[in-house]
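Examining the three-dimensional arrangement
Chain by chain, the residues run as shown.
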Amino acid sequence: MSTPDVAKAAPALPGFRISRSTRMHKIVLVLSVAIIAVLAAVPLFAENAFMRNMVTFFTLVALAQMWNLLAGYAGLVSIGQQAYIGLGAYGLWLIGDVLGLNPFLAVFLAGLLAVAVALPVAPLIFRLRGGYFSIGTWVIAEVVRLIVSNIQATGGGSGKTVLSAARLPIETRITGTYLLALAVALGAILLVYFLLRSRTGLALTAIRDNDIAAQSSGVNVFRSKLIVWVVAAYVCGVIGAVVAMNLLRIQPAAAFTINWTAYALFIVVIGGFGTIEGPIIGAVIYFALLQSLSQYGTLYMLLLGIVAVIMATVAPKGIWGFIVKKWDIHLFPVSRRLVLDTPADQDVKPAEKPGPAPMAESV
Amino acid sequence: MTDVVLELQDVDVFYGDFQALFKVSFQVEDGMTFAFIGANGGGKSTLLRTIAGLQRPTSGHVLFHGEPVDQYPAHTRVGMGIALVPEGRRVFPSLTVRENLLMGAYGGRKGDWNVDSVVELFPLLKPLLKRGAGSLSGGEQQAMAIGRALMSNPELLLLDEVSLGLAPVVIKRIYEAMVQLVGSGHTILVVEQDVGHVLTVSDYVACFLEGRISLEGKPADLSSEAITAAYFGM
Amino acid sequence: MVWANVTVQGILLGGLYALFATGLALVFGVMRMVNLAHGDLGILAAFIALFIVQSLGLPLLWATVLTIAIMFILGYVLQRGLLNFTLGTDDTRPIVVTFGLSIIIQNALILKFSADSQGLDAGKIENISIKISNQMSIGWFPLIVFLTAVAVIAVLELFLARAKLGRAFRATSDDREAAELMGINNKHIYSLAMAIALAIVALAGVLLAIRTTFDPTQGGFRLIYAFEAVIMGGMGSMWGTLAGGIILGVAQTLGTQAFGAGWGLVAGHLVFLTVLAVKPSGFFAKTVTA
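Residues numbered from 1 in each chain as written. Chains lettered and ligands numbered in written order. Predicted model: local features only at pLDDT ≥ 70, side-chain atom pairs only at ≥ 80, totals over all residues.

Here we look at the overall build of chain B
For chain B, the count of helices and strands is eight helices and ten strands. For 234 residues, the compact-globule estimate of 2.2 N^0.38 gives 17 Å, and chain B sits close to it at 17 Å. Expressed as a percentage of the 234 residues in chain B, the buried residues total 46%. Nonlocal contacts in chain B, meaning residues at least 24 apart in sequence, comprise 69% of its contacts between residues at least 6 apart. (Helix = DSSP H or I, 4+ residues; strand = E, 2+ residues; numbered from the N terminus. Rg over C-alpha atoms; globule rule 2.2 N^0.38 Å. Buried ≥ 20, exposed ≤ 12 C-beta atoms within 10 Å, placed from the backbone. Contact = placed C-beta atoms within 7 Å.)

Next comes the structure, spelled out in structure tokens:
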């Protein structure tokens, strides 16, 4: 092949830019703001029972985002986040009751108690990988639960009542907790969104695909994982504090139960791993099912387990993954797209940055 | 008229979106030693892996004694008489040399090859039988890997880059052993980057470039200029 | 002398932990998979044995043998029919699926048997002891459990070292693809490994049920102790798992003796975390990478 002919024949390349958002993203943004406004206005017309129930929904949304951040983006399948949820709950009591601070403020400080445990724990359990890492996270949760259960100062096995919250006027507490929970859910979503758009987010994608390769290309794997680990612990702590505000009673068995992990796992498996939209969809579905089926308790959990196993085996990308595959919808502009300037000035169906083709051992 | 042991018909192989082989076709007769040369990434290893069953053709067929074998997974092909010595040796490091050889016989056929006859072919293995395979040198591992494949009493022996990473004196010894194999009635497919040695033992050679055969023929009939051109695609 | 007694109790307890741990380590060794439902499967076995004894009226020994056989088959089917499909490049899928499995087993057991504590009755043997000295006696049953663990590990090690199939296990563990080239059907080998693992954990579950009370939610704890024993003992070593179990058992019993009932388990976990910090590859590791 002689090259001069080739150069003459090539057409001028179209202009292009790398963009994150499309027109759809802008529509979604407007819709989201509208939904949030409606949710924020709920206390004006809803009953207390409804708002208390919605707190559960918001905490599930936030929890699922954190669990997915760890498992779907950083490859850290934690089955021990309940350690930090429980620490947050006890943190509320510690800061609100014992230290006497305003409970609404205490909620955000309680997350720091979770971080105080998560930080020293990280270098230990990061030595474990895969399933052994997962069990390691559970060991941490068990240690915290056992210690809290054994110490009289924290109320031992029977726990404590969060008096600083209980003493608030009922309307203030219920409305305040509702808005707090809404803020935490939104905060969790935005946190994940901005984290993924940052350099850490890029590092995470590399780590998720192949962390040894990522390390050799200069990505500080430990630091990226640590950031995600600490962020998730903090938010889980805040979630725990919000739950404690809602329930007013904290007990080690309930605060540190593995069921937290189970709920998060179900939601993410059903909704979809590795996307922001997936856990939101999953939380909506899970919560809707919860309303109608929770009376069946054990049977409900059994069915969820079966659904989770089937979906994780057969449809690992979840319901959202199915939607993406069929209609190529992305609500959150997280990935970078190649946008060509065509004469019609429309966004061309973008060539999404492809994942690495499955590499063979040798060619 | 000699039997056609192996035939490839228009074989395409993809790794995800990447196409490694483009409509590859050729025939190998019984007792023949067929060499595949070419630069890295040309598709030679993919070819052997496909014949061995580790890779499935996206289209086209692999025929063994005239019958298509594409539906058979790799672990059944050993029992049919196809044995691959994979690229990079791939020994079992926590097994001893003897145990590695015994593994070769695990799914193989009955025949003359056993630990003793393998050691006869590669005397350097004799003192190493009890040693962990992970502690062997490259040349020792290569000899063992070839012996391991022979333990299955194959009809078709596939050798992938056996000289890779070995010192010249070691390569010489491996090829000396291979000359004995060539004479013993096996059909052998050899993949090599090092052209020099392999042409001396083979009856037929094909050069691979970017997934296609760019040149083929008997070594005696091909000039070194033609081979070089086909090798580098000039 | 009370400390010596307590230490011996801990060692014997370690035997039970090692028995639970062995199956977990075997499965991880052969296919790099951590089965989060491992403990629950042991508890499932205990309930199966209970059912056979209570509803079918068979004597305990027969019930045990039958349970082990059932769990062996279950292990093969589970691996071949479900878990093999979760293996691949994605590390997270088997974890999620086996966790889901754990939830299924626990809740199914609660539905069928209720959440109450149960026990298996082995008769007199549970209560008799051997008197060693004035301050120390060893219960016959804990000793039997310990010796069973030693025997199982010894047989397993022998199998891996000498048997043709055991060699195949080791080869598959070393290099899955090269093993295929030897004629090894990985799907089948994985399923056999799981079958053996579940047979062992079934035995462990039945012995646990005799030794102490059990209920559907105990599986998680069994998994954790098994895991701690494996990690402390070191990857790739079955005898190391026994050592790990002993370390854990002794830490727990000494902790209970020193600090009271609630702190024994904490002591065990803290010892585990210390070993993880100080000697993360365990004491008797044969392989370097996890």
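Observations regarding the overall build of chain A
In terms of helices and strands, chain A carries 16 helices and five strands. The buried share of chain A, reckoned over its 363 residues, is 43%. Partitioning the intrachain contacts of chain A with sequence separation of at least 6 by distance along the chain shows that 78% fall at a separation of at least 24.

Section: the interface of chain A and chain C
Taken together, the contact pairs 36 residues of chain A with 38 residues of chain C. Of all elements in the fold, only α6 (130–150), α13 (259–271) and α15 (298–314) of chain A reach the threshold of two or more residues within the side of chain A that touches chain C. For the side of chain A that touches chain C, the element with the most residues is α6(A), which contributes 13 residues. Considering only residue class, the side of chain A that touches chain C consists of 24 nonpolar, nine polar and three charged. (Nonpolar A, V, L, I, M, F, W, Y, C, P; charged D, E, K, R; others polar.)

Points about helix α3 (residues 48–73) of chain A
Taking 1.5 Å as the rise per residue, α3(A) with 26 residues should run 38 Å; its terminal C-alpha atoms sit 37 Å apart, in good agreement. Count one or two residues on from α3(A) and you reach Gly75(A), which has phi positive near 70°. (Expected span 1.5 Å × (residues − 1).)

Concerning the environment of Val96(C)
Residue position: Val96(C) is located in helix α4 (residues 92–113). On the basis of neighbour count, Val96(C) is assigned to the buried category, with 27 C-beta atoms found within 10 Å. For the pair formed by Val96(C) and Phe51(C), sequence separation is 45 residues and the distance between their alpha carbons is 29 Å. Setting aside residues up to four positions removed in sequence, Val96(C) forms contacts with Val77(A), Leu265(A), Val269(A) and Ala312(A).

What about the pairing of strand β6 (residues 82–85) of chain B?
Residues and elements named next belong to chain B. By the alternation rule, side chains of β6 split into Ile82 and Leu84 and Ala83 and Val85, which are all buried. Bridge analysis of β6 against strand β7 (residues 156–160) gives four bridges, and the strand direction is parallel. Note that in β7 the partner of Ile82 across the bridge is Leu156. (Pairing = 2+ DSSP bridges.)

Some details on helix α11 (residues 263–278) of chain C
For α11(C), built from 16 residues, the straight-helix expectation of 22 Å at 1.5 Å per residue is met to within 8% by its first-to-last C-alpha distance of 22 Å. Elements that come into contact with the buried residues of α11(C) comprise α5 (103–125) and α6 of chain A together with α9 (219–233) and α10 (238–259) of chain C.

Here we look at the sheet that holds strand β9 (residues 204–209) of chain B
Residues and elements named next belong to chain B. What the six strands build is an open sheet, ordered β6-β7-β8-β3-β9-β10; its pairing is mixed. Whereas interior strands pair on both sides, the edge strands pair on one side only; in this sheet they are β6 and β10 (212–217). Taken over all neighbouring pairs, the strand axes of this sheet differ in orientation by 15° on average, direction set aside. (Axes fitted to C-alpha atoms, helices over the stretch in contact; angles between N-to-C directions.)

Some remarks on the sheet that holds strand β5 (residues 67–68) of chain B
All names here are of chain B. Spatially, β2-β1-β4-β5 is the arrangement adopted by the four strands of the open sheet, whose pairing is antiparallel. Each end of this open sheet is capped by a strand with a single partner; those strands are β2 (18–29) and β5. One ladder, built from five bridges, connects strand β1 (residues 4–15) with strand β4 (residues 59–64); its direction is antiparallel. Across the sheet, residue Leu8 finds its bridge partner in β4, namely Val62.

Some points on the nonpolar core
The biggest cluster of nonpolar side chains holds 283 residues, and the ones touching the most others in it are Leu63(A), Leu92(A), Val242(A), Leu158(B), Ala46(C) and Ala193(C). At 20 residues, helix α8 (residues 186–211) of chain C tops the list of elements feeding residues into this core. Contact partners of Leu92(A), with chain neighbours within four places excluded, come to Pro103(A), Ala106(A), Val107(A), Ala110(A), Val162(A), Ala241(A), Ala244(A) and Met245(A). (Core = buried A, V, L, I, M, F, W, Y, C linked by C-beta atoms within 7 Å.)

A closer look at the packing of α13(A) against α15(A)
Residue and element names in this part refer to chain A. Two elements in contact, α13 and α15, have axes separated by 9 Å at closest approach and are oriented at 45°. In terms of their interaxial angle, α13 and α15 are classed as oblique. For the element pair α13 and α15, the recorded crossing hand is left-handed. Together, Leu265, Phe266, Val269 and Ile270 of α13 and Leu304, Val307, Ala308, Met311 and Ala312 of α15 make up the contact between the two elements. Split into classes, the residues belonging to the contact of α13 with α15 amount to nine nonpolar, no polar and no charged. (Parallel < 35°, antiparallel > 145°, perpendicular 65-115°, else oblique. Left-handed = near helix turned anticlockwise from the far one by under 90°.)

Focus: the environment of Leu273(C)
For Leu273(C), the location among the structural elements is in helix α11. The spatial distance from the C-alpha of Leu273(C) to the C-alpha of Met235(C) is 16 Å, given a sequence separation of 38 residues.

Re the confidence of the model for chain B
Mean pLDDT over chain B stands at 89; residues scoring 70 or higher make up 100%. Among the scores for the predicted complex, ipTM is 0.93 and pTM is 0.89. (pLDDT = per-residue confidence, 0-100.)

Here we look at the environment of Phe50(A)
With respect to the helices, strands and loops of the structure, Phe50(A) is situated in helix α3. As a C-alpha pair, Phe50(A) and Tyr178(A) span 128 residues in sequence and 9.7 Å in three-dimensional space.

Digging into unusual backbone geometry
The phi angle of most residues is negative, glycine excepted, and most peptide bonds adopt the trans form. Even without being a glycine, Glu161(B) presents a positive backbone phi close to 55°. Mapped onto the elements of the fold, Glu161(B) is located in the loop between β7 and α6 (168–183). With 23 C-beta atoms packed within 10 Å, Glu161(B) lands in the buried category. Positioned with a positive phi, Arg32(C) is a non-glycine residue whose angle comes to about 55°. By the element assignment, Arg32(C) lies in the loop between α1 (2–31) and α2 (38–55). Of the residues examined, Arg32(C) has 17 C-beta atoms within 10 Å and is grouped as partly exposed.

Quick look at the pairing of strand β3 (residues 33–37) of chain B
Looking down a regular strand, the side chains alternate between one sheet face and the other. Residue and element names in this part refer to chain B. In terms of burial, β3 is largely enclosed, as five of its five residues are buried. Along β3, one buried face is formed by Thr33, Ala35 and Ile37 and the opposite face, lined by Phe34 and Phe36, is buried too. Alignment of β3 against strand β8 (residues 187–192), held across five bridges, turns out to be parallel. Residue pairing across strands places Ala35 opposite Val190, the latter belonging to β8. In terms of strand pairing, β3 meets β9 through four bridges, oriented parallel. Paired with Phe34 across the bridge in β9 is Tyr204.

Overview of the confidence of the model for chain A
Residues and elements named next belong to chain A. Averaged over all residues, the pLDDT of chain A equals 84, while 86% of them reach at least 70. Between the elements of chain A, mean pLDDT differs from a low of 42, seen in strand β5 (residues 351–352), to a high of 95, seen in α6. This stretch, residues 344–363, has a pLDDT under 50; its non-local contacts, to residues over four places away or in other chains, come to 29 contacts.

What about the packing of helix α5 (residues 140–162) of chain C against α8(C)?
Residue and element names in this part refer to chain C. At a minimum axis separation of 11 Å, α5 and α8 run at an interaxial angle of 175°. As far as their axial angle goes, α8 and α5 are roughly antiparallel. Together, Phe141, Pro142, Val145, Thr148 and Val152 of α5 and Ile200, Leu207, Ile210 and Arg211 of α8 make up the contact between the two elements.

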